[in-house]
Amino acid sequence: MKAIQVHDFIDLDGLGDEKIAETSLSMKDSVPKPASLKKNQLLVKVLACSISPGDVITVQGNMLVMHQSFPFVPGMDICGTVVDNNGSTLFQNGDVVVASNGMTPVGGMAEYMAVDEAQAAIKPSDVPNEEAASSSSAVTARNAVLDHVKEGARVLILGGAGGVGSAAIQVAKKHGKASFVATTSTQIDLCKELGADRVVDYRSEDWWTIEEFREEKFDVVIDTVGGGNFYGRATEVLKTGKEGGSFVAVTGDEPKPDCRTVWSTIKFFARMPCRPVYTRIRSGTYPKYVLLLPYDEAEGRKQVLGWMREESLKIRLDEASPLPFTAEGVGNAFRKVGSGHAHGKIVVQIAKE
């Protein structure tokens, strides 16, 4: 089968150099198709595969715990057709499903992928394949909003034009029933179309200095950008923990962590629980800090697809999407996501139905 293979950790800037790109990422025509399915696995013909920041971290090799053996096929969030249901009672051959590879971000940029049936859900027939494959970020947005936004809350979403942020605006307004949703973005019209009540262009205005926000503080800040000491700045416009204020970190202080060694990995993970614990202890002074970790992905995927079917959630694709299933197309997909400037989801079309 055809598949993209990663042969060495990728320098995203180097993907613009044809010689460098060939040594790290290439299209192969004779990669073995998954043949020996494990119990409860499905064989899926991939139609589309989206890229998320976690996929970029994997191909860059920035997280030791996510290192894969070379060569490997990148990507994990797909939409595709079941071609071998392996005796499943939940799925039939011919079903079009949306699936992921759990916590192992490999396998998606290929003509076929083996997926666990527990990580798959039926795609509504009227939802486009590329949008369905891009729904994983909306699952993250769903978890961030529904667990922390109460009806009538004032919410600030940092990074409203990205994959998670664009979904979070819609979920907060339509399903979290927030009374006021503000966001930061250069894409003013897009964010307003999604339902934002106020869009702050961060190029010309610092959200933490806005008098309106300082006087009437937010109940929840959802950070999909990371870095920039945003938690420290959010204390100016966010209620304390005792008042019900929560800072939900979808992306932490280090949106592009470098944990290539055992020591740097230990330090990175050792720091993770410190701020959540400290802010709970000092809840009378500081907002509660919540580090959002993946959970309930399978159930969340089904709910998100239901919202998409009802048209109460629209997955926004970047204007470059869908990119072609070529080494250059996939390389450009990784570069765009890695730049942090994608306006919506980046997705590669692998095949047509």
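Residues numbered from 1 in each chain as written. Predicted model: local features only at pLDDT ≥ 70, side-chain atom pairs only at ≥ 80, totals over all residues. Heavy atoms only, no water.

**Student:** Before we go on, may I ask you to explain the pattern of salt bridges in this structure?
**Tutor:** Where charged atoms from two side chains of opposite charge approach closely, those side chains can pair. Taken as a whole, this structure holds 11 salt bridges when the rule is applied. A salt bridge links Glu-216 to Arg-154; the nearest nitrogen and oxygen atoms lie 3.9 Å apart. Here Arg-154 lies in strand β8 (residues 154–158) and Glu-216 lies in the loop between α7 (211–215) and β11 (220–223), a separation of 62 residues in the sequence. When its relative accessible area of 47% is taken as the criterion, Glu-216 is described as partly exposed. Linked by salt bridges that have partners in common, Arg-198, Glu-205 and Glu-212 make up one network. (Salt bridge = Lys/Arg side-chain N within 4 Å of Asp/Glu carboxyl O. Helix = DSSP H or I, 4+ residues; strand = E, 2+ residues; numbered from the N terminus. Buried < 20%, exposed > 50% of the residue type's maximum accessible area, 1.4 Å probe, protein only.)

**Student:** I keep staring at unusual backbone geometry and nothing clicks. Help me out?
**Tutor:** Residues apart from glycine generally show negative phi values, whereas peptide bonds are mostly found in trans. The omega torsion of the bond from Phe-70 to Pro-71 falls at -10 degrees, within 30 degrees of zero and hence cis. Structurally, Pro-71 can be placed in the loop between α2 (53–60) and β4 (77–84). Positive phi values are uncommon outside glycine, yet Glu-311 reaches one of about 65 degrees. Tracing the backbone through its elements, the reader meets Glu-311 in the loop between α11 (297–310) and β14 (323–324).

**Student:** Is there a simple way to explain the packing of aromatic side chains in this structure?
**Tutor:** Given two aromatic rings, one states the distance between the centres and the angle between the planes to describe the pair. Taken as a whole and assessed by the stated rule, the structure comprises 9 aromatic pairs. Here Phe-9 and Phe-70 contribute two aromatic rings whose centre-to-centre distance is 4.9 Å and whose plane-to-plane angle is 70 degrees, an arrangement assigned as edge-to-face. Linking Phe-9 in the loop between β1 (3–6) and α1 (18–24) with Phe-70 in the loop between α2 and β4, this pair joins segments that are 61 residues apart in sequence. By relative accessible area, Phe-9 is classed as partly exposed at 24%. On the basis of relative accessibility, which here comes to 37%, the residue Phe-70 falls in the partly exposed class. Here Trp-207 and Trp-208 contribute two aromatic rings whose centre-to-centre distance is 5.2 Å and whose plane-to-plane angle is 90 degrees, an arrangement assigned as edge-to-face. Judged by its relative accessible area of 3%, Trp-207 is buried. One aromatic cluster in this structure is built from Phe-9, Phe-70 and Phe-72. Positioned over the ring face of Tyr-112 is Lys-33, at 4.6 Å from the centre of the ring. Stacked on the ring of Phe-218, the Lys or Arg Arg-154 has its end atom at 5.0 Å from the ring centre. (Phe/Tyr/Trp six-rings, centres within 6.5 Å; stacked < 30°, edge-to-face > 60°. Lys NZ or Arg CZ within 6 Å of the ring centre and 35° of its normal.)

**Student:** What is the right way to look at the state of the cysteines in this model?
**Tutor:** Think of a disulfide as a covalent bridge from one cysteine sulfur atom to another cysteine sulfur atom. Scanning all chains against the criterion turns up 0 disulfides. Residue Cys-49 stays outside any disulfide, its sulfur separated by 11 Å from that of Cys-79, the closest cysteine. Under the relative-accessibility criterion, Cys-49 is labelled buried at 0%. (Disulfide = S-S within 2.5 Å.)

**Student:** Teacher, can you tell me more about the sheet that holds strand β13 (residues 288–291) here?
**Tutor:** Note on sheets: strands pair through backbone hydrogen bonds, and any given pair is parallel or antiparallel. Strand order in the open sheet made by the 6 strands is β10-β9-β8-β11-β12-β13, with parallel pairing throughout. Of all the strands in the sheet, just β10 (198–200) and β13 have a single pairing partner and so form its edges. Each strand of the sheet is rotated relative to its neighbour by a mean of 15 degrees, with strand direction disregarded. (Pairing = 2+ DSSP bridges. Axes fitted to C-alpha atoms, helices over the stretch in contact; angles between N-to-C directions.)

**Student:** I keep staring at the side chain of Lys-345 and nothing clicks. Help me out?
**Tutor:** The topology assignment puts Lys-345 in the loop between α12 (327–339) and β15 (346–349). One buried charged residue, Lys-345, remains without a salt bridge, the closest side chain of opposite sign being Asp-77 at 5.4 Å. If sequence neighbours within four positions are ignored, Lys-345 has contacts with Ser-50, Ile-51, Ser-52, Ser-134, Ser-136, Ser-137, Gly-163, Ile-315, Arg-316, Leu-317, Asp-318 and Ser-321. (Lys, Arg positive; Asp, Glu negative; His and termini not counted. Contact = heavy atoms within 4.5 Å.)

**Student:** Would you take a moment to explain the packing of helix α4 (residues 136–146) against helix α5 (residues 163–174) for this structure?
**Tutor:** Helix packing geometry: the angle between the two helix axes and the distance between the axes. Their axes nearest at 8 Å, the elements α4 and α5 cross at an angle of 45 degrees. Classified by the angle their axes make, α4 and α5 are oblique. Relative to α5, α4 is oriented so that their crossing is right-handed. Note on element contacts: α5 touches α4 through Gly-163, Val-164, Ala-167, Ala-168, Val-171 and Ala-172, opposite Ser-137, Ala-138, Thr-140, Ala-141, Arg-142, Val-145 and Leu-146. Taken together, the residues of the contact of α4 with α5 break down into 9 nonpolar, 3 polar and 1 charged. (Parallel < 35°, antiparallel > 145°, perpendicular 65-115°, else oblique. Left-handed = near helix turned anticlockwise from the far one by under 90°. Nonpolar A, V, L, I, M, F, W, Y, C, P; charged D, E, K, R; others polar.)

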